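One letter stands for each residue in the lines below.
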Amino acid sequence: VASAGVNKGINVCNTLELDRLTKKYDTLIQQCELLKFVPASGAATRMFKHLFTWREAMKAHLDQESLSLGGDPLNPSSAAAFGIALPKYAFYPALEKQMQAQGNSLDQCLQKEDYLSILEALLNKEGLNYAALPKALIAFHSYGSEQRCSLEEHLVEAAAYLVKEGLVSIHFTVSPEHLSLFKQKLAEKQALYEKRFNIKYHITYSIQKPSTDTIAVDLNNSIFRDSQGAMLFRPGGHGALIENLNDCKGDIIFIKNIDNVTIDALRADTIVYKKALAAILLELREQIFSYLSLLETATTLPCEKMDEIVKFASQKLNIVLPDLDTKSQIQKIKLVYNALNRPMRVCGMVKNEGEPGGGPFWVQNPNTKEISLQIVESSQINMQNEAQKAIFESATHFNPVDLVCSVKNYKGENFDLRQYVDPNTAFISYKSVAGKDLKALELPGLWNGAMAHWITIFVEVPISVFTPVKIVNDLQRKEHRNMEV
């Protein structure tokens, strides 16, 4: 029904408030089980999509003396720009070593503009196999002679705000074919960071459950069958991970994507705002728990107390309870109790500067007519509806996937997170298999419909906390470059 904005569903912390929250964070987390939850099952294939295109183009013109990468070298997203910047990438030393082992010279290939040999060594199974690796294991950053993949940067970042009695807990969701590679990387690196930060890591993994796969259909909505005649099931998207999150131990859970990391020198904002978001959550939760304890056994409440709770729900939690005046005292208490007794999330929102992604909106439930704050993706919007399209395009902020979640109730019991999903927010996407088009059912997104019935708070965070790597060229942005390297 409307986009959320500053003071219209999005809170802004001034410098004094930010300082107060970050200082209070360490006190507030004393009784909490902390966990960082990182969706990390994605392969790096899409990172190198434009390089695949040029590799195939070069293969088709092997008779040419020079096989140059194409595109405008001044376009930072082009294959040509990748080639020019190649020596600056963190994976350059590994590529150099790989080509040397294969009896080739990376320097000589660059001089001859033999980019085909370079791409083969970078992407192919016989080389670094970057096309098939998970994004978590691609070398992102250089620190002199040290190179770190994004998995390692999550270890480093977590050590700055997730330490509890010397322990840091992180959970990665991975693809089954990549699990052994994750474990191998951590076997090589975990002890190094534990010694560096004088901590211990507790690392756990889970795999997207096959039971969450969805059936595919063709463009006529008939069951899609593969070449063997078997029905095709596909992963249900990141919304399936609500099952994984539901199985996690911990009551305060930080959620952040695997590719959203930055270098040490630019990480300060990330740490400050992680602590601030968590402190906001914990302060509000403390008040919610106090009210719930009161409401649980109450059969009647003084009008002033009920007004206080309803005002808190409205002003602090964006929960509007319509028609309360028409309810009996018992009905009021039950309604307010149920409204407060839910999982809760505080979500960072970044000012919209043209980055892709969903955003914060006020959404009306078509059944209950209740209006609540939701994160909405473009795929959920009917862009043929001009009014809906206009609302979506009016968004002043977007979602960087920067969440802090509370998943236990005031009695210390875990909520069943599956009970707070809005199944009506599933959507259909168009894919293809072996050249055949199909429709795939995507489950409600993890931070979209899968959390539709959570208590939701939006807080403005700076663009500096959003440093994703969607294509390999993004690694040449300042957020991923140590200038002295």
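Refer to the structure printed above.
Each chain has its residues counted from 1, following the order in which its sequence is written. It should be noted that, the model being predicted, local features are given only for residues of pLDDT at least 70 and side-chain atom pairs only at 80 or more, the latter also being counted only at that level, while totals for whole chains, interfaces and linings use all residues. The basis for the side-chain values is all heavy atoms of the structure; hydrogens and waters are excluded.

### Side note on empty space enclosed by the protein
Here comes step 1: A cavity here means a set of points on a 1 Å grid, drawn over the protein atoms and nothing else, where a 1.4 Å probe fits but cannot get out; a pocket is an open set with protein on both sides within 12 Å along at least five of seven lines, and a residue lines either one if it has an atom within 4 Å of a point. Grid points are joined across faces, edges and corners, and a volume is the space filled by probe spheres set on the points. Here the structure, examined in full by the defined rule, presents 2 cavities of 30 Å³ or more.
Here comes step 2: One number sums up the size of the largest cavity: a volume of about 100 Å³.
Here comes step 3: For this classification, Asp, Glu, Lys and Arg are treated as charged, while Ala, Val, Leu, Ile, Met, Phe, Trp, Tyr, Cys and Pro are nonpolar and the rest, including Gly, are polar. Grouping the amino acids of the lining of the largest cavity by side-chain chemistry returns 5 nonpolar, 5 polar and 2 charged.
Here comes step 4: Considering the residues around the second largest cavity, the lining is formed by 14 residues, among which Arg 285, Ile 288, Phe 289, Leu 340 and Arg 342 are closest to the centre.
Here comes step 5: Under the scheme used here, helices are H or I runs from DSSP no shorter than 4 residues and strands are E runs no shorter than 2 residues, and both carry numbers assigned from the N terminus. Per element, the largest residue contribution to the lining of the second largest cavity is 4 residues, and it comes from helix H10 (residues 268-297).
Here comes step 6: Of the residues in the lining of the second largest cavity, the class split is 8 nonpolar, 3 polar and 3 charged.

### Some thoughts on the side chain of Ser 175
Here comes step 1: Position of Ser 175 relative to the elements: it lies in the loop between strand E7 (167-174) and helix H8 (179-197).
Here comes step 2: Definition of a polar contact: a pair of N or O atoms within 3.5 Å, with one able to donate and the other able to accept a hydrogen when the atoms are protein atoms, and with sequence-neighbouring residues admitted only if both atoms are side-chain atoms. At 2.9 Å, the side chain of Ser 175 and the backbone oxygen of Ser 41 are in polar contact.

### Regarding H8
Here comes step 1: In this model H8 runs 25 Å from its N-terminal to its C-terminal C-alpha over 19 residues, within 8% of the 27 Å that 1.5 Å per residue would give.
Here comes step 2: Two axes enter the bend calculation: one fitted to the seven residues ending at the residue in question, the other to the seven starting there, and the bend is the angle between them. For H8, the principal kink sits at Lys 189 and spans about 40 degrees.
Here comes step 3: Exposure is judged per residue with a 1.4 Å probe applied to protein chains only, and the accessible area is read against the type maximum: over 50% gives exposed, under 20% gives buried, and values in between give partly exposed. Those residues of H8 not exposed but buried are Leu 179, Phe 182, Leu 186, Gln 190, Tyr 193 and Glu 194.
Here comes step 4: Buried residues in H8 make contact with strand E6 (146-149), helix H7 (150-158), E7 and strand E8 (200-207).
Here comes step 5: Backbone geometry just after H8 places Asn 198 at a positive phi near 55 degrees. Expected helix span is taken as 1.5 Å per residue step, with the number of steps being one fewer than the number of residues. Contacts between residues were defined by any pair of non-hydrogen atoms, one from each residue, lying within 4.5 Å.

### Details of the packing of aromatic side chains
Here comes step 1: Think of it this way: a Phe, Tyr or Trp ring, Trp meaning its six-membered ring, pairs with another when their centres are within 6.5 Å, and the plane angle makes it stacked under 30 degrees, edge-to-face over 60, tilted otherwise. On inspection of all chains with the given rule, the structure shows 14 aromatic pairs.
Here comes step 2: Ring centres of Phe 398 and Phe 466 lie 5.0 Å apart, and the angle between their planes is 65 degrees; on these two criteria the pair is classed as edge-to-face. Of this pair, Phe 398 sits in strand E15 (residues 397-398) while Phe 466 sits in the segment after strand E19 (455-460); the two residues are 68 residues apart in sequence, bridging distant segments of the chain.
Here comes step 3: A relative accessible area of 1% places Phe 398 in the buried class.
Here comes step 4: Here Phe 466 falls in the buried class, since its relative accessible area comes to 11%.
Here comes step 5: Feature note: the residues Phe 48, Phe 82, Tyr 89, Phe 91 and Tyr 130 constitute an aromatic cluster, connected by ring pairs.
Here comes step 6: Here the basic side chain of Arg 148 rests over the ring of Tyr 143, its NZ or CZ set 3.9 Å away from the ring centre. Note on geometry: a ring has a charge over it if NZ (lysine) or CZ (arginine) is within 6 Å of the ring centre and within 35 degrees of the ring normal.

### Considerations on the environment of Ile 333
Here comes step 1: Within the fold, Ile 333 resides in helix H12 (residues 329-340).
Here comes step 2: For the pair Ile 333 and Ala 298, spaced 35 residues apart in sequence, the C-alpha to C-alpha distance is 7.6 Å.
Here comes step 3: What Ile 333 contacts, discounting residues up to four positions off in sequence, is Leu 295, Ala 298, Thr 299, Thr 300, Leu 301 and Met 306.

### What to know about the nonpolar core
Here comes step 1: Working definition of a nonpolar core: buried Ala, Val, Leu, Ile, Met, Phe, Trp, Tyr and Cys residues. They are joined through side-chain atoms within 4.5 Å. Judged by nonpolar contacts, the single largest core of 73 residues is most densely connected at Ile 170, Phe 172, Tyr 201, Phe 254, Leu 317 and Leu 340.
Here comes step 2: With 14 residues, the top contributor of residues to this core is H10.
Here comes step 3: Once residues within four sequence positions are removed from consideration, Ile 170 is found in contact with Leu 35, Lys 36, Val 38, His 154, Leu 155, Ala 158, Tyr 201, His 202, Ile 203 and Thr 204.

### Some thoughts on the packing of helix H1 (residues 15-28) against H10
Here comes step 1: For every element, the axis is a line fit to its C-alpha atoms; helices are fit only across the contacting stretch, and the angle between N-to-C directions ranges from 0 to 180 degrees. Interaxial distance between H1 and H10 falls to 8 Å at its minimum, and their mutual angle equals 70 degrees. Judged on the interaxial angle alone, H10 and H1 are roughly perpendicular. Between H1 and H10 the crossing geometry is left-handed. Of the residues in H10, those in contact with Leu 18, Arg 20, Leu 21, Thr 22, Lys 24, Tyr 25 and Leu 28 of H1 are Val 272, Tyr 273, Lys 275, Ala 276, Ala 278, Ala 279, Ile 280, Leu 282, Glu 283 and Glu 286.
Here comes step 2: Of the residues belonging to the contact of H1 with H10, the class tally is 11 nonpolar, 1 polar and 5 charged. Here is the rule for angles: anything less than 35 degrees is roughly parallel, anything more than 145 is roughly antiparallel, 65 through 115 is roughly perpendicular, and the remaining ranges are oblique. Note: crossing handedness is left-handed where the near helix turns anticlockwise from the far helix by less than a right angle, and right-handed where it turns clockwise.

### Considering the pairing of strand E14 (residues 371-376)
Here comes step 1: Here E14 lies mainly inside the structure; 5 of its 6 residues are buried.
Here comes step 2: For two strands to count as paired, DSSP must find a minimum of two bridges between them. Note that strand E13 (residues 359-364) and E14 share 6 bridges and pair antiparallel. Directly across from Gly 359, in E14, lies its bridge partner Val 376.

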